[in-house]
Amino acid sequence: NMRKVFEENAKDQAQKNSELSEAKEREASTLKEYARALDEQEEQRQAEMQARLERQNALMAKLQANVDGIKKGAGDNDAARALAQQEEMDRHFFEAENVKQNRLKQLRVENQAYLLKQMDEKDGRKAGESELSDIQAQILMRDTEEYNEVERNKVINRRKNLTEHSKDIKKQM
């Protein structure tokens, strides 16, 4: 009878161990999927930024052609200066955006390494797993808040620059 109890305990323990290792594998694959999704978002952001830059360059070339057609002579110098200022502002903006995106990517890699290390340390304890989920949620929320703030600032700056630029052009006319 004791042998039966002992065998049942051993069987239960083996089942718990296999469930624990399956849970760890699922969590590791979830983290990899999360990192892959973040990388996809990053690539999409880069593509959008490149498309925006190309559209802006096309618009600037069109604007330059219009300004050249309207103002020949003394106005050419002002238009060239405005264009140079706009290009300088754009260059600064894209450099800052690039630095920020690289930093975010580095932080994501560091966070993923930290989370994997914590997962090994906690080794299946329920408290550790819920803490890991909280950290992931906080990281995602912070990332989302930063992205939304940057996007809001971009829109505000773009509007400001466009209104200033249109005032300049109206002044030149």
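Not measured: the values here are computed from a predicted model.

Visitor: Where do I start with the overall build of the chain in this structure?
Guide: Across its full length, the chain carries three helices and zero strands. Scanning the chain from its N terminus toward the C terminus, one meets helices and strands in the order α-α-α. For 173 residues, the compact-globule estimate of 2.2 N^0.38 gives 16 Å, and the C-alpha radius of gyration of the chain, at 28 Å, exceeds that figure by more than 25%. Along the longest, intermediate and shortest principal axes, the C-alpha atoms of the chain span 105 × 20 × 20 Å. Residue burial in the chain is summarised as follows: out of 173 residues, 23% are buried. A total accessible area of about 12700 Å² is found for the chain, and carbon and sulfur atoms account for 54% of it.

Visitor: I'm lost on the pattern of salt bridges in this one. Help?
Guide: Two side chains bearing opposite charge may form a pair once their charged atoms approach each other closely. Considering all chains together, one arrives at 12 salt bridges under this definition. Put simply, R108 and E42 hold a salt bridge, and the shortest N to O gap is 3.6 Å. Here R108 is found in helix α2 (residues 75–122), whereas its partner E42 is found in helix α1 (residues 2–70), with 66 residues between them in sequence. Taken individually, R108 and E42 each receive the classification buried, so the pair is uniform in this respect. Among the salt bridges present, the one from E97 reaches K100, with a minimum N-O distance of 3.8 Å. Linking E97 with K100, this pair stays in helix α2, spanning three residues, or about one helical turn. Residue E97 shares its accessibility class with K100, and that shared class is buried.

Visitor: Looking at this model, I keep getting lost on the packing of aromatic side chains. Mind explaining?
Guide: Aromatic ring pairs are described here by two measures, namely the spacing of the ring centres and the angle between the planes. Overall, the coordinates contain one aromatic pair when judged by the stated rule. Summarising the aromatic geometry, the rings of F93 and F94 are spaced 5.0 Å apart at their centres and angled 75° between planes, so their arrangement reads as edge-to-face. Overall, the relative accessible area of 23% leaves F93 in the partly exposed class. The class of F94 is buried, set by a relative accessible area of 11%. Across the ring face of F93, the terminal group of R158 is positioned such that the distance to the ring centre comes to 6.0 Å.

What counts, and at which threshold
Residues numbered from 1 in each chain as written. Predicted model: local features only at pLDDT ≥ 70, side-chain atom pairs only at ≥ 80, totals over all residues. Heavy atoms only, no water. Helix = DSSP H or I, 4+ residues; strand = E, 2+ residues; numbered from the N terminus. Rg over C-alpha atoms; globule rule 2.2 N^0.38 Å. Buried < 20%, exposed > 50% of the residue type's maximum accessible area, 1.4 Å probe, protein only. Areas by Shrake-Rupley, 256 points an atom, 1.4 Å probe, with all protein chains shown as cover. Salt bridge = Lys/Arg side-chain N within 4 Å of Asp/Glu carboxyl O. Phe/Tyr/Trp six-rings, centres within 6.5 Å; stacked < 30°, edge-to-face > 60°. Lys NZ or Arg CZ within 6 Å of the ring centre and 35° of its normal.

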